[in-house]
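# Structural characterization, general
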Amino acid sequence: MKKVLTALSIGLMSFAAHASAEGGEHAPDMHALWKNFGYRAVVFVLLVVILVKVAKKPLLEFLDKRTADIEKAIKDAQDAAEKAKAELAEYEIKMKGFEKDLETMKENSLKAAEAEKAMILEDAAKQAEKLKSFAEHLIDSELKRAKVQLKKDAVMAAISAAEAKIGKELDADKQKKLLDEYVKKIEVAG
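Note that the coordinates shown come from a computational prediction; the quantities given were computed from them, not determined experimentally.

### Some details on the overall build of the chain
Check the secondary structure of the chain and you find three helices and zero strands. Listing every helix and strand of the chain by position from the N terminus yields α-α-α. Counting every position in the chain, which comprises 190 residues, the buried fraction comes to 3%. In the form shown here, the chain has an accessible surface area of approximately 16,900 Å², with 65% of it arising from carbon and sulfur atoms.

### Examining the pattern of salt bridges
Within this structure, the stated rule accounts for six salt bridges. Between Lys75 and Asp79 there is a salt bridge, with its nearest N and O atoms 3.2 Å apart. With a gap of four residues between them, Lys75 and Asp79 both fall in helix α2 (residues 30-166), about one helical turn apart. Residue classification places Lys75 among the partly exposed positions, given a relative accessible area of 49%. A salt bridge links Arg145 to Glu142; the shortest N-O distance between them is 3.0 Å. Placement of both Arg145 and Glu142 in helix α2 is noted, with a separation of three residues, approximately one turn of the helix. Glu142 gets classed as partly exposed once you look at its relative accessible area, which sits at 38%.

### Remarks on a nonpolar patch on the surface
Together, Phe44, Val45, Leu47, Val49 and Leu51 give the surface a local cluster of nonpolar side chains, amounting to about 380 Å² of exposed area. Examined against the element boundaries, Leu47 turns out to sit in helix α2. Residue classification places Leu47 among the partly exposed residues on the basis of a relative accessible area of 45%.

### Regarding helix α3 (residues 172-189)
An ideal rise of 1.5 Å per residue puts 26 Å on 18 residues; α3 measures up with 26 Å between its terminal C-alpha atoms. For α3, a buried count of one out of 18 residues is recorded, marking the element as mostly open to its surroundings.

Cut-offs and rules
Within every chain, residues take consecutive numbers counted from 1 along the sequence as written. Selection of residues for local features in this predicted model requires a pLDDT of at least 70, selection of side-chain atom pairs for listing and counting requires 80 or more, and totals for whole chains, interfaces and linings are taken over all residues. Each side-chain value is worked out from all heavy atoms of the structure, with water and hydrogens disregarded. Strands here are runs of E lasting at least two residues and helices are runs of H or I lasting at least four, both read from the DSSP assignment and numbered beginning at the N terminus. Each residue is placed in one exposure class: buried if its accessible area under a 1.4 Å probe, protein chains only, is under 20% of its type's maximum, exposed if it is over 50%, and partly exposed if it falls in between. Residue burial considers only the protein chains on display, and all accessible areas are found by Shrake-Rupley using a 1.4 Å probe. One side-chain nitrogen of Lys or Arg within 4 Å of one carboxyl oxygen of Asp or Glu is enough to make a salt bridge. In this scheme, patches are assembled from residues that exceed 30% relative accessible area and form no salt bridge. Like charges are connected within 9 Å, while nonpolar side chains (Val, Leu, Ile, Met, Phe, Trp, Tyr) are connected within 5 Å. Expected span of a helix: the number of residues minus one, times 1.5 Å.

Quick look at the structure:
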């Protein structure tokens, strides 16, 4: 308020100095000017007083509320920043845990894959051994069958040769008897 009155006083003095400097016949009526200025100053002061009386409390309340809102916003922002830092630290700890879990899972997967590989190789070796054994038995049985067939073929060829040589001296019963005996001898020998 003092600043306003000081500014008004300085303004009035400069106005008065300007008016007296002009002088002469057309000089303004200083009394009328001061009176006019006095009315305007009183009206201005009254306006300022009324505005201060009427608007002071709502203006102060608004400013207090605005200050409180700003302080609350700053506090909320600080709380949010602290919470974000805490969550970030928590997530970093979780990420380290996840990395360890991931590494453990990777190691377990590699061990399981190696075990599976060993099991598959062992199973393949067993299957190969079974197939080899089966093939050997099949070869043996086919060899025996082929030997028996060759023996039968040899007997039949021998009989045919003997028949041709002996001629018709042997009848069918004697031929059958000789054949059975020869086959028994071959089976005992084979």
